[in-house]
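# Residue-level structural notes
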Amino acid sequence: MGEDPSSSQMSEDDDRSPPLDPISNKARNCSGSGCPSSSSSGGGGTDYIIPYPDQVLENVLENVLCFLTARQDRNAASLVCKSWYRAEALTRSELFIGNCYAVSPRRATARFSRVRAVSIKGKPRFADFNLMPAHWGAHFGPWVSAMAKAYPWLEKVYLKRMSVTDDDLALLAEAFPGFKDLVLVCCDGFGTSGLAVVASKCRQLRVLDLIDSEVMDDDVDWICCFPESQTCLESLMFDCVECHVNFEALERLVIRSTSLKKLRLNRYVSIGQLHRLMVRAPQLTHLGTGSFSSSEGNAQGDQELDCVSAFAACKSIVCLSGFKEIFVDQLPAIYPVCANLTNLNFSYANISAEQLKPVIRNCHKLQTFWVLDSVCDEGLKAVAATCKELRELRVFPVDPREDIEGPVSEIGFQAISEGCRKLQSILYFCQRMTNEAVKAMSKNCPDLVVFRLCIMGRHRPDHVTGESMDEGFGAIVMNCKKLTRLAVSGLLTDQAFSYIGQYGKLVRTLSVAFAGDSDMALQYLLEGCPKLQKLEIRDSPFGDSALRSGLHHYYNMRFLWMSSCLLTPQGCRDIARALPRLVVEVINSDQQVETGEYVDILYMYRSLDGQRDDIPKFVDIL
């Protein structure tokens, strides 16, 4: 969140407009037809009071601002003047908090009083890679407590990388009688007990999506806690829940959820059980298949199922995922839905190129595709030959070790760039790459908005020429004019960062690992990328001088993360002293008091309310 507009200089329209009636300076309320009439000298006429102009303005503004939906537009509108600031706050129904510590729950709920949907993000992204110590913070408790008092009509909550307890979920379920949507992404701290409370008490629940979250098994049958009457469920995703579910209760729930469109099952649901659910819910548009393998003790029976007919009956499926423990012989069962798929997620399916080809050759409408590198370059060539509408591609490693010869390379990468010219986002893990392949991507796919190339292994050069990867990444920022997110890897010198600073004018999120020669690399970024909001750096040779080069920009950023760099405690204290509204956290990943020459982790973020009050012992706020 930016600077509080109430502390900024406002325009001259606040309480300074002339009255509509040149005779009277009183504020007047309009009644009847809304038109003023003259009063007779005998007092028989009726005075119609005209509204004060600021009230008229705010009423008009509220009606106009209701049509602004983009957060950036609303933020800009709130900065115009005090009237716009007040009107925007009164009409905002959706609240987005990009960092749960950037503003306090008290301040947020006091300003925005009519919110029905809240999205909150907690830990930085590097927490996904175990770089953030456990129990660091990002607790949902203070937020749900504040919202329970301020937003009794709250309907939707979206949380990402937050610590959520069962008590939090219980309060949420009890405090909001009209609650409808709960989405928890990469969250932890809660279990099946909390889910049971949500299922039983949120009678109007439409969405319960658990995505990549850690859910504790409390030995509670949460599925059977949904109402026995017809439900409002439209989306149920629990593929990350690592415990058995009551399948009979799940089947009954699916039957009485006639509006259910999205269903993602966990790996404890067998292909035979999947078949039964699909027969019960042919209206599904998004399906997560669960294990897509036979249950123990029923392999023969599952093999005899007519899954082809079940998929053929689900004519509306456009998004397919799951395949946690894939039974390859049943893969042809999905052929009937391939022609309509726009989203296919094989990121858990360890399949070969030959197994992928019969599937992918029918996916002409595919726009989003996630896959493991087990399909090799040959599989990516098949994708490039068929998927001309592809917008997003993610290729994940089966084996993330650095010292192996990976199955995908610049060959599959370049094939995708030549065949999928509409590509807008790519995440590509590989062991080897060339500058020429990256340059080809920059020319063939100029509409790229997200480019994340992860060359596993430290400081790996162009494997053909032995040169650094500077020119490849330079071509990406030069030719892809819409680029907003970038992740760099491989052998990179300061020259690569000079290119990014010179051409990456729209880059908002940048991830750096094992790169750069000196402090100049970071200085190029901080001085050259005016839109930079989120900067993540690990294991790079950047020190105090590099950190000081961003003093002019840190207040404009959401956060800066630097781990295993060359920052000293004194250098971090200098930043904290120079920018008092910036929260500077020094974190020890070993959860002990920091004593070394260099800090382990530096995490800096702007905050309207200063340092947080839930600081663990291994965090020092300067």
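Residues numbered from 1 in each chain as written. Predicted model: local features only at pLDDT ≥ 70, side-chain atom pairs only at ≥ 80, totals over all residues. Heavy atoms only, no water.

For the protein, the name recorded in an unreviewed UniProt entry is Putative F-box domain, leucine-rich repeat domain, L domain-containing protein, with Rosa chinensis as its organism. Per its UniProt entry, the protein bears the Subunit (unreviewed entry) comment "Part of a SCF (SKP1-cullin-F-box) protein ligase complex. May interact with auxin and auxin-responsive proteins." What UniProt records for the protein under Pathway (unreviewed entry) is the sentence "Protein modification; protein ubiquitination." (UniProt positions renumbered as here; feature names shortened; annotations may be inferred.)

The next point concerns the pattern of salt bridges. Applying the stated criterion to the full structure yields 30 salt bridges. Ionic pairing is found between E325 and R267, a salt bridge with its closest N-O pair at 3.1 Å. Note that E325 is positioned in the loop between β11 (319-321) and α12 (335-338) and R267 in the loop between β9 (262-265) and α9 (271-280), a separation of 58 residues in sequence. Across the salt bridge formed by K482 and D447, the nearest N and O atoms sit 3.2 Å from each other. Here D447 lies in the loop between α16 (435-444) and β16 (450-455) and K482 lies in the loop between α17 (470-479) and β17 (485-488), a separation of 35 residues in the sequence. Accessibility expressed as a relative area gives 31% for D447, which makes it partly exposed. Several salt bridges share partner residues, and in doing so they unite R74, E88, R92 and R111 into one network. (Salt bridge = Lys/Arg side-chain N within 4 Å of Asp/Glu carboxyl O. Helix = DSSP H or I, 4+ residues; strand = E, 2+ residues; numbered from the N terminus. Buried < 20%, exposed > 50% of the residue type's maximum accessible area, 1.4 Å probe, protein only.)

At a minimum axis distance of 8 Å, the contact between helix α6 (residues 166-175) and helix α7 (residues 192-201) shows a crossing angle of 5°. Comparing their axes, α7 and α6 come out roughly parallel. Contact residues: α6 offers D166, L169, A170, A173 and E174, while α7 offers S193, G194, L195, V197, V198 and K201. For the contact of α6 with α7, the class distribution of residues is 6 nonpolar, 2 polar and 3 charged. (Axes fitted to C-alpha atoms, helices over the stretch in contact; angles between N-to-C directions. Parallel < 35°, antiparallel > 145°, perpendicular 65-115°, else oblique. Contact = heavy atoms within 4.5 Å. Nonpolar A, V, L, I, M, F, W, Y, C, P; charged D, E, K, R; others polar.)

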